[in-house]
Amino acid sequence: MEKAALILLTIGVLFNFLGTVALYRFPDVYTRLHGTTKCTTFGSIFTSAAVVVYALQMYLRTGEGRFTTLSVHVILAIFALLISNPTGAHAIARAAHRSGVLPKYAVVDRLAEDHRKKGGVSA
Amino acid sequence: MIISYFAWAAAVTGFCALAMVGRLIAGPTVPDRVVALDSINTMVIALMIILSLVYDSVIMVDVAIVYAALSFVGTLFIARHVEGGV
């Protein structure tokens, strides 16, 4: 039963490391954002889930109340990560496109054409 | 005994957060640096949550929640500045 926390922890650390590799190996800002944000969000959720599982196991074994406090607070932190991380990534991508950074191998920019056609915000 | 695995996981996560500083310094454009900063913040939050179990202190998780909120506001503000609003 102790293996469950270890498996979750290994998956999370592996994905965090893959996010670091993605930050270095991808060619432009959009692919870096894609790889890094997804991998670090997934990995952080899994390491936090490992902490929750281990704290609940310790509560079942010892019966001390501080372990339930720890697991509830970690679940709150997971929800904070789930709300804030994709929203921040979307804001970064929007700002990157509006500041004129294009993907490395791009040949057309349909989003800028669409904005120009509607005559709305300058892309 | 199983706590030592969590300590190793904290070490690897801290190494990843330190390794991301390279992209923060050498990013060709400004959004690259913002991506690196956002990822470093996420890794520091994960590190705090793991270390709260290793050092057996709940207060570190509360600090991590506040850090997540502040880093979210900071990322939104920097993105707004990059796109030319502020």
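This text gives an overview of the structure that appears in the document.

Rules used throughout
Residues numbered from 1 in each chain as written. Chains lettered and ligands numbered in written order. Predicted model: local features only at pLDDT ≥ 70, side-chain atom pairs only at ≥ 80, totals over all residues. Contact = placed C-beta atoms within 7 Å. Helix = DSSP H or I, 4+ residues; strand = E, 2+ residues; numbered from the N terminus. Nonpolar A, V, L, I, M, F, W, Y, C, P; charged D, E, K, R; others polar. Axes fitted to C-alpha atoms, helices over the stretch in contact; angles between N-to-C directions. Parallel < 35°, antiparallel > 145°, perpendicular 65-115°, else oblique. Left-handed = near helix turned anticlockwise from the far one by under 90°. Expected span 1.5 Å × (residues − 1). Buried ≥ 20, exposed ≤ 12 C-beta atoms within 10 Å, placed from the backbone. Arc of directions from axis to C-beta. Core = buried A, V, L, I, M, F, W, Y, C linked by C-beta atoms within 7 Å.

Opposite the 43 residues of chain A that make contact, chain B presents 40 residues. Those elements giving two or more residues to the side of chain A that touches chain B turn out to be α1 (3-25), α2 (29-62) and α3 (65-98) of chain A. Here the side of chain A that touches chain B gets 18 residues from one element, more than from any other, and that element is α3 of chain A. Grouping the constituent residues of the side of chain A that touches chain B by class yields 22 nonpolar, 16 polar and five charged.

The next thing to look at is the packing of helix α1 (residues 3-19) of chain B against helix α3 (residues 30-54) of chain B. Residue and element names in this part refer to chain B. For the pair α1 and α3, the least separation of the axes is 9 Å and the interaxial angle reads 160 degrees. The angle between α1 and α3 falls in the class roughly antiparallel. Crossing handedness for the pair α1 and α3: left-handed. Counting all contacts with α1, which are made through Ile3, Phe6, Ala7, Ala9, Ala10, Thr13, Gly14, Cys16 and Ala17, the residues of α3 involved are Ile40, Met43, Val44, Ala46, Leu47, Ile50, Leu51, Leu53 and Val54. Among the residues forming the contact of α1 with α3, the class breakdown is 16 nonpolar, two polar and no charged.

Now for α1 of chain B. All names here are of chain B. Between the first and last C-alpha of α1 there are 24 Å, a value that for 17 residues agrees with the 24 Å anticipated at 1.5 Å per step. Looking at α1, one finds that the buried residues are Phe6, Ala9, Ala10, Thr13, Cys16 and Ala17. All buried residues of α1 lie within an arc of 120 degrees about the axis, which places them on one face of the element. Those residues of α1 that are exposed and angled more than 90 degrees off the buried face are Ser4 and Leu18.

Quick look at the nonpolar core now. One finds Val51, Ala77 and Ile92 of chain A together with Ile49 and Ile50 of chain B to be the most contacted residues of the largest nonpolar core, which totals 56 residues. Sorting the residues of this core by element identifies α1, α2 and α3 of chain A together with α1, α3 and α4 (59-82) of chain B as the ones contributing at least two each. By residue number, the principal contributor to this core is α3 of chain B, which donates 13 residues. In this structure, isoleucine 50 of chain B is in contact with Thr47 and Val51 of chain A together with Phe6, Ala9, Ala10 and Thr13 of chain B, ignoring residues within four places of it in sequence.

So far we have only geometry, and geometry alone does not tell us how the molecule works.
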